[in-house]
Amino acid sequence: MKTTDKAQAQKELDEIKNRVKELEKIINAPEVDKNKEMSDFLFEMFNKCEQRFTGEKEFTFYKGKEWIYQQDYKNGRLWVRYPLVWQVFEEKFELNYQQIKDFITSWIETNTEWKGLTPMYLYILSVP
């Protein structure tokens, strides 16, 4: 075997070993439970909120001066602030509209006493 053949063989072997290390790292990485992470996010958001009665059959949850959620039993809606909650599910968790709606519905029914509310987002534009 020539020296150049050995050098090429060593280079290929090193590349294979590096790829094996990368694959082992992926395999040995701890599993992330996406549903738990999403649930923890909603719990965190709810725990930071202050509830206020804001209308007939309507409660609004605020974080400081910004509203986060609004229970609208009159219209059967749970309004969710788009940039603070809904958009996180789109971007961080890579869910589509229906998946977000289904997850929030399930989470609300499991973790609160709220029934019969359909989650929808409300996007508010700031006007100067």
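The text that follows walks through the structure, step by step, so that each part is easy to find.

Conventions used here
Residues numbered from 1 in each chain as written. Predicted model: local features only at pLDDT ≥ 70, side-chain atom pairs only at ≥ 80, totals over all residues. Heavy atoms only, no water. Axes fitted to C-alpha atoms, helices over the stretch in contact; angles between N-to-C directions. Helix = DSSP H or I, 4+ residues; strand = E, 2+ residues; numbered from the N terminus. Parallel < 35°, antiparallel > 145°, perpendicular 65-115°, else oblique. Left-handed = near helix turned anticlockwise from the far one by under 90°. Contact = heavy atoms within 4.5 Å. Nonpolar A, V, L, I, M, F, W, Y, C, P; charged D, E, K, R; others polar. Phe/Tyr/Trp six-rings, centres within 6.5 Å; stacked < 30°, edge-to-face > 60°. Buried < 20%, exposed > 50% of the residue type's maximum accessible area, 1.4 Å probe, protein only. Lys NZ or Arg CZ within 6 Å of the ring centre and 35° of its normal.

1. A word on the packing of helix α3 (residues 82-91) against helix α4 (residues 97-111)
A pair of packed helices is captured by two measures, namely the crossing angle of their axes and the spacing between those axes.
Part 1: Running from amino to carboxyl end, α3 crosses α4 at an angle of 120°, the nearest separation of the two axes being 10 Å. Relative to α4, the element α3 is oriented oblique. Note on packing geometry: the crossing formed by α3 with α4 is right-handed. Residues W86, F89 and E90 of α3 lie in contact with α4, whose contacting residues are Y97, I100, K101, F103 and I104.
Part 2: When the residues that make up the contact of α3 with α4 are grouped by side-chain class, the tally is 6 nonpolar, no polar and 2 charged.

2. Considering the packing of aromatic side chains
Part 1: Enumeration over the complete set of coordinates arrives at 13 aromatic pairs.
Part 2: Note on F46 and F61: the rings are 6.0 Å apart at their centroids and 65° apart in plane angle, and the pair reads as edge-to-face. Here F46, found in helix α2 (residues 34-47), pairs with F61, found in strand β2 (residues 58-63); they are 15 residues apart in sequence, far enough to count as distant. The pair formed by F46 and F61 is uniform in burial state, with each residue classed as buried.
Part 3: By the ring-pair criterion, three or more aromatic residues cluster together here, those being F43, F46, F61, Y69, W107 and W114.
Part 4: Cation over ring: R52 sits above Y62, and NZ or CZ is 4.0 Å from the ring centre.

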